[in-house]
Amino acid sequence: MKVTVCRKEHFNAAHRLYNPAWSDEHNTEVFGPCANVNYHGHNYELVVRVTGEVDPDTGYVYDMKLLSTLIKTEILDTFDHRNLNLDTTDFRNLIPTAENIAVIIWQRLRPHLAAPLGLSVTLFETERNFVEYHG
Ligand code: NI
């Protein structure tokens, strides 16, 4: 009997979408105002889903307190109120699109979860634009 538990979190961060291999003109063509040199911010909504068997002793798939703490230490402490391009090592050589941010979040969380547990990450960059990564 597999059940998915979900934890919603929030962080604010600045970024710029820019491919250094391209000219400024081409960056603007592809990324529009997201390539603006002085960065811009988003209120990111993050949903982390952990899927597994319900432990008969606790009735839990995964303790939500632990999941909350894990997201805080692995993600929020690093990304919240930061410039993703400048303040993190994750996006030194990786364009911080919602797609890439979701993958990085998944990669940061995965090693902390037991192998039988499934993990998926949904990242809302705006209310209407969101991405999912299931590993
Ligand atoms: Ni943006």
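Structure first, text after, so check above.
Undergrad: Let's hear about the packing of aromatic side chains: which residues, and what values?
TA: What the rule picks out here adds up to six aromatic pairs. Arranged with centres 5.4 Å apart and planes meeting at 80 degrees, the rings of tryptophan 106 and tyrosine 133 form a pair that is edge-to-face. Placement of tryptophan 106 in helix α4 (residues 98–109) and of tyrosine 133 in strand β5 (residues 130–133) is noted, with a sequence separation of 27 residues between them. By relative accessible area, tyrosine 133 is classed as partly exposed at 25%. Centre to centre, the rings of phenylalanine 124 and phenylalanine 130 are 4.4 Å apart; their planes meet at 25 degrees, and the pair counts as stacked. Classification of phenylalanine 124 by relative accessible area gives partly exposed; the value is 23%. Here phenylalanine 130 falls in the partly exposed class, since its relative accessible area comes to 43%. An aromatic cluster is defined as three or more aromatic residues linked by ring pairs; in this entry it consists of Phe11, Tyr44, Phe79 and Phe91. Its end group placed over the ring of tyrosine 18, arginine 16 keeps NZ or CZ at 4.0 Å from the ring centre.

Basis of the calculations
Residues numbered from 1 in each chain as written. Predicted model: local features only at pLDDT ≥ 70, side-chain atom pairs only at ≥ 80, totals over all residues. Heavy atoms only, no water. Phe/Tyr/Trp six-rings, centres within 6.5 Å; stacked < 30°, edge-to-face > 60°. Helix = DSSP H or I, 4+ residues; strand = E, 2+ residues; numbered from the N terminus. Buried < 20%, exposed > 50% of the residue type's maximum accessible area, 1.4 Å probe, protein only. Lys NZ or Arg CZ within 6 Å of the ring centre and 35° of its normal.

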